[in-house]
Each structure stands twice: as C-alpha cells, then as structure tokens.
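Working through the structure, step by step
Here are the chains, one letter per residue:
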Amino acid sequence: MFKASAEVIYNKRIKKGYFEIALSAQAIAKTALPGQFVNIKVSEGIEPLLRRPLSLHRVEGNKIFLLYEVLGKGTETLSRRKAGEDLSVLGPLGSGFSLHSTHYALHILVAGGMGTAPLVFLAEKLAKGKTLVLIGAKTREDILCEEEFRKLGGEVKIATDDGSRGFKGHVSELLKQELLTIDYGLLTIYACGPKLLLKEISRISLERNIPAQLSLESHMACGIGACMGCVIKVTRAPEHQSTRDFEYKRVCKEGPVFEANQILWE
C-alpha cells in the first residue's frame, strides 16, 4: 500500500451522474491488480471526514482511472476537482481477482450497475482469452462501459430492467439463459454489483458447480482493515474449524473479491 499525492489529469462527466477521473499515481499503477481499490481524500478540509473507496477501473502507464457515480456529498465534492489539483490517495488496497487465464476456455464477466468499474481492468488482463461480458442496468441510459469492453475484444450482451435495451430483466436472468448453451466445465465467472445480484450469481454458480469470483460492494470507514466495519460471514477452512464452521472477514482487506463458495449470505 502506498500513500500518494496524485495529480488529477482529468475529471470528466461521461453521462448524467457518472464521472471518470484520471490520476497520476506511479507507485499505485505499477502494483495494482484487477479487483483492488484506492481510498481517496476528496477534499483538503475535514468535510467530508472519511475517504471514499473507489475501484480501479483502468491502469495505463503511470496513470490510474476511476469510474464513479455521484450519490452523496463525498462523490459530489470529488466531481468538482479539477485537472492539475492533487488528491491524497491510499492504494492499491484489498485482494483482487485471481486470474485463471490458463485454466478456462471462457470467462464470463457479469456487471450490475457500477459493478462495471473494476471489470474493465479485469477484462484488460483477460484480453487474450475468450470473454463474454453481461452488463446489467436499470435503463438504456444507465448502461456503462459497453464500448470499452467491445474494444477489448469481448462479446457483450446487455440486460435492462425495463427492456429498453437488450434482454428485458435482471442480468442474472440473462446469465442463466446464456448458460443453457455453454459447457460448464470450460468456464469461470467474475461478477461485481449490488448484494442481491451477487447473492443470486453465487446461487447459480454453486448449483451448476461453476467457479465464480465475486467483488463485493460495501460501506467502508477506514478501508485498511482496522475498524472492522465491513465484515462478512464466510466458511472457515476445515483445518481451522473449532466450535463453529464460519468466521468473519473484512471486505476491505481479505476482499473485496471472494470465491462464491466462501460467502455465507444473510
């Protein structure tokens, strides 16, 4: 983990409510892995007090790129930062995706809403393999990163809740439809998005015995594993079981990426 003063290269609106910021952060860029995140101090003062965790969206040379949605005071403040300004950034943080590029013929990436953010960086690493990207959004106006995935050579399919684009329904339903024509023994799933989506993908993968890695979204206070505010319940390894067969792990430290068969959903 590095603490860097990162210069803003640009901070642009890509569509209503969504922004991409590019930062010069050499040390972070050189060590970052897909699925990891950074923690940003969005202002120079004490308001807002807490840093904001943002997934690494892309890495290019000495630059890192972050995709974010303006939802509250912190991200609204971040959206007003200008090129040439410096931001205090901690990262890379957390444990990212384990890349099984030599083991599987097909990688399925499932993104729900802002879950597209870390999956672009992952798709860059998987570009030499065959990838199928399933993007879920509420409406066609909320679809993110479609062209970025296409440029990386992946096959892209869309699901919208209202049917305004592509498959009508949740992206998990689109996944089940796609799996009807795929040999389960040759694929793996990577997913990021809201809890209910990941819970359903976990169920789908376990029922079909498909390996899956899930990148969890969570509210974080410290982002470095100290405050224990983002814990989830997971299965305890058999060799470590004592009076109970589960334990708690931190999304910001042991995660945000977990194997689907680890998580005990509540």
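Here, the structure is the one placed above.
Structural notes, computed from the coordinates. Values in this document were obtained by computation on a predicted structure and should not be read as measured data.

Rules and cut-offs
- Residues numbered from 1 in each chain as written.
- Predicted model: local features only at pLDDT ≥ 70, side-chain atom pairs only at ≥ 80, totals over all residues.
- Heavy atoms only, no water.
- Helix = DSSP H or I, 4+ residues; strand = E, 2+ residues; numbered from the N terminus.
- Pairing = 2+ DSSP bridges.
- Axes fitted to C-alpha atoms, helices over the stretch in contact; angles between N-to-C directions.
- Contact = heavy atoms within 4.5 Å.
- Core = buried A, V, L, I, M, F, W, Y, C linked by side-chain atoms within 4.5 Å.
- Buried < 20%, exposed > 50% of the residue type's maximum accessible area, 1.4 Å probe, protein only.
- 1 Å grid on protein atoms, 1.4 Å probe; cavity = no way out; pocket = protein on both sides within 12 Å on 5 of 7 lines; lining within 4 Å.
- Points joined across faces, edges and corners; volume = space filled by probe spheres on them.

Working note: non-glycine residues mostly have negative phi, and peptide bonds are mostly trans. Of note, the amide linkage connecting Gly 91 to Pro 92 takes the cis form, showing an omega dihedral of -10 degrees. Structurally, Pro 92 is set in strand β7 (residues 86-93). Each neighbour pair has its own omega, and for Gly 255 with Pro 256 the value is 10 degrees, a cis peptide bond. With respect to the secondary-structure elements, Pro 256 resides in the loop between β15 (246-250) and β16 (257-259).

Judged by pairing direction, the sheet is antiparallel, and its seven strands sit side by side in the order β4-β3-β7-β1-β2-β6-β5 without closing on themselves. Pairing within the sheet leaves two strands with one partner each, and these edge strands are β4 (52-55) and β5 (58-60). Put simply, the sheet's adjacent strands are angled 35 degrees from each other on average, direction ignored. Summarising the sheet, β5 and strand β6 (residues 63-69) pair through three bridges and their orientation is antiparallel. Note that in β6 the partner of Arg 58 across the bridge is Phe 65. Contacts from helix α3 (residues 116-125) reach β4, β5 and β6 within the one sheet, and its direction differs from that of β5 by about 45 degrees.

Before going further, it helps to examine the nonpolar core. In globular proteins that are soluble, nonpolar side chains generally tend to be buried together. Ranked by internal contacts, the top residues of the largest apolar core, which has 34 residues, are Ile 108, Val 110, Leu 175 and Ile 189. Breaking this core down by element, the ones donating at least two residues are β7, β8 (106-112), β9 (130-137), α5 (171-179), β12 (187-192), α6 (195-207), β13 (212-215) and β14 (231-235).

Let's shift gears to the sheet that holds β13. Within a sheet, each strand pairs with its neighbour through backbone hydrogen bonds, oriented either parallel or antiparallel. One open sheet accounts for seven strands, arranged β11-β10-β9-β8-β12-β13-β16; its pairing is mixed. The two strands at the open ends of the sheet, each matched to only one other strand, are β11 (167-168) and β16. Sheet topology note: the β8/β12 ladder contains six bridges and is parallel. What sits directly across from Val 110, in β12, is Ala 191. Of the strands in this sheet, β8, β9, β10 (155-160), β11 and β12 touch α5, which is tilted by about 150 degrees from β9.

Right, let's get into the layout of surface pockets. Of the pockets and cavities examined, the largest pocket occupies roughly 1300 Å³. The wall of the largest pocket is formed by 43 residues, among which Glu 69, Leu 71, Met 114, Pro 194 and Glu 217 lie closest to the centre. Counting only elements with at least two residues in the lining of the largest pocket, the list comes to β4, β6, α2 (73-79), α3, β9, α5 and α6. At four residues, the largest contribution of residues to the lining of the largest pocket is made by β4. Size it by volume and the second largest pocket reaches roughly 270 Å³. Lining the second largest pocket we find 17 residues, and of these Lys 195, Leu 216, Val 231, Ile 232 and Trp 265 sit closest to its centre.

Spatial relationships are all this shows, so hold off on functional conclusions.
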